[in-house]
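One letter stands for each residue in the lines below.
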Amino acid sequence: MNAHKLLITIVFSIVIAACSTSPTGRPQLITKSDAELEAQAASTFNAYRSTLPLSTDRRKIDFVHCVAQAVVTELYPPYSDIEWELAIFEDKQVNAFAMPGGKIGVYTGILDITEDEHQLAAVIGHEIAHVTARHVNERASRGALTGIGIEALAVILGGGYTGGAYTANQVLSAGAALGMELPMGRGQETEADVVGLEYMAKAGFDPRAAVDLWQNMSAKNGKKAPPEHLSTHPANETRIENLINQWQKTLPIYNQALADGKNPTCKKTW
Ligand SMILES: [Zn+2]
């Protein structure tokens, strides 16, 4: 093999590897178009916003915006270049989600669980990591996004009812169909935890707070909780252990962020 041919082979191998490896080095099957998923996500997000009640509590809105802004600022291209949109829904469910293309939804119910800005940053970092690690695409590529929710999505996107408003249930099942609210696979959840910790630490939030968050979630989580993305993932020992194992890597990132003067002044004022 001559040098030229070898070079081509190496470049080719790198491209292939880049296409099929997640941020933590997990092999990933990606066959769907990101642009298509992003378009679906944008429609669904708009349907959420026009159907579910948005919070009008200035203190909550400012708090969530402050934390989300600080975390998003630390992302890498192309995710640092997109304009992230944030919606805060007045709803007692303990949940949050993020969608391809940079949409973040937070339910006010989760603000009762997150005791401070560090814990909320753990939630937001986790959700954003699902997007940057292309988890929805991965689910779609595996054919996991099927079922009744897709029909609801078709109604919403296709305007099946003339002039009719969509019910909250229709919108929610459409979001669930896109894999935005239902639990992802274990590998994806662990990955979102790991990558999310890095994002929050880079922004100047204490990565140790993620342990408190999941313990709060676990304590609050009733036995008959509905299937929600966050609350169906109990803070089992493995998860907590994984989070603690990341401290060695993420605490120096956090300390560096503080040394660089990153100290987001987002406060829970209620
Ligand atoms: Zn998750």
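Residues numbered from 1 in each chain as written. Predicted model: local features only at pLDDT ≥ 70, side-chain atom pairs only at ≥ 80, totals over all residues. Heavy atoms only, no water.

(A) Fine view of helix α11 (residues 237-245). Those residues of α11 lying buried are R239, I240 and L243. With its buried residues spanning 95° around the axis, α11 presents them on a single face. Those residues of α11 that are exposed and aimed more than 90 degrees away from the buried face are E237 and N245. Where α11 is buried, its residues touch α5 (117-132), α9 (186-202), α10 (209-220) and α12 (247-259). (Buried < 20%, exposed > 50% of the residue type's maximum accessible area, 1.4 Å probe, protein only. Helix = DSSP H or I, 4+ residues; strand = E, 2+ residues; numbered from the N terminus. Arc of directions from axis to C-beta. Contact = heavy atoms within 4.5 Å.)

(B) Geometry of the confidence of the model for the protein. Mean pLDDT over the protein works out to 80, with 71% of the residues at or above the 70 mark. The weakest mean pLDDT in the protein belongs to helix α7 (residues 148-158) at 45; the strongest belongs to α12 at 98. In this model, residues 147-164 is a region of pLDDT below 50 whose contacts with residues beyond four sequence positions or in other chains number 26 contacts. Taken as a whole, residues 223-228 scores under 50 in pLDDT and shows 9 contacts with residues more than four places along the chain or in a different chain. (pLDDT = per-residue confidence, 0-100.)

(C) Spatial organisation of the pairing of strand β1 (residues 85-89). The element β1 is largely enclosed, with a buried count of 4 among its 5 residues. With 5 bridges connecting them, β1 and strand β3 (residues 103-107) associate as parallel partners. By the bridge assignment for β3, F89 is matched with Y107. (Pairing = 2+ DSSP bridges.)

(D) Region of interest: the sheet that holds β3. Spatially, the 3 strands line up as an open sheet ordered β1-β3-β2, and their pairing is mixed. Strands with a single pairing partner mark the edges of an open sheet, and in this sheet they are β1 and β2 (96-99). Taken pair by pair, the neighbouring strands of this sheet meet at an average axis angle of 15°, ignoring direction. Of the strand pairs in this sheet, β2 and β3 are connected by 4 bridges, and their pairing is antiparallel. The residue of β3 that forms the bridge with A96 is V106. Where helix α3 (residues 58-72) meets the sheet, it contacts β1 and β3, and its direction lies at approximately 150° from that of β1. Lying over the sheet, α5 contacts β2 and β3, oriented at roughly 30° with respect to β2. (Axes fitted to C-alpha atoms, helices over the stretch in contact; angles between N-to-C directions.)

(E) Region of interest: the side chain of E189. Its place among the elements puts E189 in helix α9. Among the polar contacts listed, one links the side chain of E189 to the side chain of H130, at a separation of 3.3 Å. (Polar contact = N/O pair within 3.5 Å; in protein donor to acceptor, adjacent residues only side chain to side chain.)

(F) Inspection of the state of the cysteines at higher detail. Scanning the entire structure with this criterion turns up 1 disulfide. Put simply, C66 and C266 are joined by a disulfide, and their sulfur atoms are 2.1 Å apart. An S-S torsion of about -75° defines the bridge between C66 and C266 as left-handed. Pair noted here: C66 is in helix α3 and C266 is in the segment after α12, with a separation of 200 residues, a long-range link. The exposure class of C66 is partly exposed, given its relative accessible area of 26%. (Disulfide = S-S within 2.5 Å.)

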